[in-house]
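Coordinates in review
Below are the chains, spelled out letter by letter.
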Amino acid sequence: MTDIRKPTDYKSAIKPIWCPGCGDYGVLSAITKAFAKLQLPPDEVAVVSGIGCAARIPAYINAYGFHGLHGRALPIATGLKLSRPELTVLAAGGDGDIYSIGGNHFLHACRRNVDITLLVMDNRIYGMTKGQPSPTTEADFPTHLYPEGTHLAPLNALAIALVAGANFVARTFSGDPNGLAEDIAMAIKHPGFSVIEILSPCVTFRPEQREWKRHVLRGALEPAASVAEALQVVTTGPELATGVIWKGSRPPYEGPGEQAARSLEQLMEDFAA
Ligand SMILES: Cc1ncc(C[n+]2csc(CCOP(=O)(O)OP(=O)(O)O)c2C)c(N)n1
Ligand code: SF4
Ligand SMILES: [Mg+2]
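Next up on the list: the overall build of the chain. When you go through the chain residue by residue, the secondary structure sums to 9 helices and 8 strands. Since a compact globule built from 273 residues should have a radius of gyration of about 19 Å, the 19 Å found for the chain is in line with a globular shape. Over its C-alpha atoms, taken along the principal directions, the chain stretches across nearly 60 × 50 × 40 Å. Put simply, of all contacts in the chain between residues at least 6 apart along the chain, 70% involve residues at least 24 apart. Accessible area for the chain stands at about 13200 Å²; split by element, carbon and sulfur atoms hold 58% of it.

Coordination of the magnesium ion (ligand 3) by the protein involves Asp-95 (OD), Asn-123 (OD1) and Ile-125 (O), with metal-donor separations of 2.1 to 2.3 Å. Between the donor residues of the magnesium ion (ligand 3), the gaps in sequence give the motif D-x27-N-x1-I. With Asp-95 in helix H3 (residues 95-101) and Asn-123 in the loop between strand E4 (117-122) and helix H5 (157-164), this residue pair connects regions lying 28 residues apart in the sequence.

Another point: the layout of surface pockets. Taken as a whole, the largest pocket holds about 320 Å³ of empty space. Lining the largest pocket are 18 residues, and of these Arg-124, Pro-154, Leu-155, Asn-156 and Glu-239 lie nearest its centre. Contributing elements (two or more residues each) for the lining of the largest pocket: H5, strand E6 (194-199) and helix H8 (227-236). Take the lining of the largest pocket: its biggest share by element is 3 residues, from H8. Of the residues assigned to the lining of the largest pocket, the class counts are 7 nonpolar, 5 polar and 6 charged.

Near ligand 1 there are 16 residues, and of these Cys-53, Gly-96, Asp-97, Gly-127 and Met-128 occur at the shortest range. Take Cys-53: an N or O atom from its main chain is 2.9 Å from an oxygen atom of ligand 1. Between ligand 1 and Gly-127, the relevant distance is 2.9 Å, taken from an oxygen atom to a main-chain nitrogen or oxygen of the residue. Counting residues per element, the shell around ligand 1 draws most heavily on H3, at 4 residues.

Where H5 meets H8, the closest approach of the two axes is 9 Å, and the angle between their N-to-C directions is 170 degrees. Taken together, the axes of H5 and H8 are roughly antiparallel relative to one another. Side by side, H5 and H8 meet where Leu-158, Ala-159, Leu-162 and Val-163 of the first sit next to Val-227, Ala-230, Leu-231, Val-234 and Thr-235 of the second. For the contact of H5 with H8, the residue count by class is 8 nonpolar, 1 polar and no charged.

Near ligand 2, the surroundings consist of Trp-18, Cys-19, Cys-22, Cys-53, Asn-123, Gly-127, Cys-202, Val-203, Thr-204 and Phe-205. Grouping the amino acids of the shell around ligand 2 by side-chain chemistry returns 7 nonpolar, 3 polar and no charged.

We now examine the sheet that holds strand E2 (residues 64-67). Think of a sheet as strands paired side by side through backbone hydrogen bonds, with each pair either parallel or antiparallel. Taken in spatial order, the 8 strands of this open sheet run E2-E1-E3-E4-E6-E5-E8-E7, and their pairing is mixed. In this open sheet, the two edge strands, each paired with only one partner strand, are E2 and strand E7 (217-221). Across the sheet, the axes of successive neighbouring strands diverge by a mean angle of 20 degrees, strand direction being ignored. Sheet topology places strand E5 (residues 168-173) next to E6; 6 bridges connect them, and they run parallel.

Rules used in this analysis
Residues numbered from 1 in each chain as written. Chains lettered and ligands numbered in written order. Predicted model: local features only at pLDDT ≥ 70, side-chain atom pairs only at ≥ 80, totals over all residues. Heavy atoms only, no water. Helix = DSSP H or I, 4+ residues; strand = E, 2+ residues; numbered from the N terminus. Rg over C-alpha atoms; globule rule 2.2 N^0.38 Å. Contact = heavy atoms within 4.5 Å. Areas by Shrake-Rupley, 256 points an atom, 1.4 Å probe, with all protein chains shown as cover. Donors = N, O, S within 2.8 Å, 3.2 Å for Na, K, Ca; no water. 1 Å grid on protein atoms, 1.4 Å probe; cavity = no way out; pocket = protein on both sides within 12 Å on 5 of 7 lines; lining within 4 Å. Points joined across faces, edges and corners; volume = space filled by probe spheres on them. Nonpolar A, V, L, I, M, F, W, Y, C, P; charged D, E, K, R; others polar. Near = heavy atom within 4 Å. Polar contact = N/O pair within 3.5 Å; in protein donor to acceptor, adjacent residues only side chain to side chain. Axes fitted to C-alpha atoms, helices over the stretch in contact; angles between N-to-C directions. Parallel < 35°, antiparallel > 145°, perpendicular 65-115°, else oblique. Pairing = 2+ DSSP bridges.

Next up, the structure:
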């Protein structure tokens, strides 16, 4: 009989260098709890990221990790999952990484519905590069680049995920690692592309987000009966309400199959034609 794996077994020997109080510590804790809950063998898990404070997370997890380029976590995770379907593949990053420079990949990952779990640590700011506005920054939030705010409405990424075809959509909070661990475990088990947006405070550039712990409506959301109903929730419901919003049943995309297994010679003939 194999030993039971504990959350601490999924922590790497590398000590996180996030600022004290950063919400991403709670996300790391929740990931290790979720892996322990599912008893995942570390050598059957891969965590892929881009660049940013949030994107440091693979280094702190005892599993395979890939710290890629800014915005490119999802194409790397997609290629990995299609070529090694037996692995549990997670992609992780911040609001800038996933929704801005990686926004096009986000759209098509939802559309393709490959069996990957995406964790977006949303602090509504570019933390690593010292506080520029991100796609989720509030229109009137002052930064050094835009002292009076950007005057741009924040991107509603969960609405986009629903419309583009994500098969599991949740909003969660890093200050609730147990609830977050439940949601991550559920998302990993749910077939297809899962999106978990995590309210994860940047205590350095958005210190007021420390107040989220008092304002978040934990577990207020229930899975909707239809995409239309889920859309209603994310467009008109309270923005700090957490819970699973959508659990769909679209079959995951598993790659082009045998027909795509063409030799180099065949491919060269195709291109020459
Ligand atoms: C191609 C490219 N463009 C820009 C950058 C600079 N850059 C690094 S991290 C980052 C933003 C990170 O913000 P976010 O994804 O929200 O993560 P956070 O640091 O807030 O966790 C940017 C713009 C880069 N590394 N590579
Ligand atoms: S700058 Fe913000 S997001 Fe980055 S580690 Fe510090 S608190 Fe966390
Ligand atoms: Mg950010």
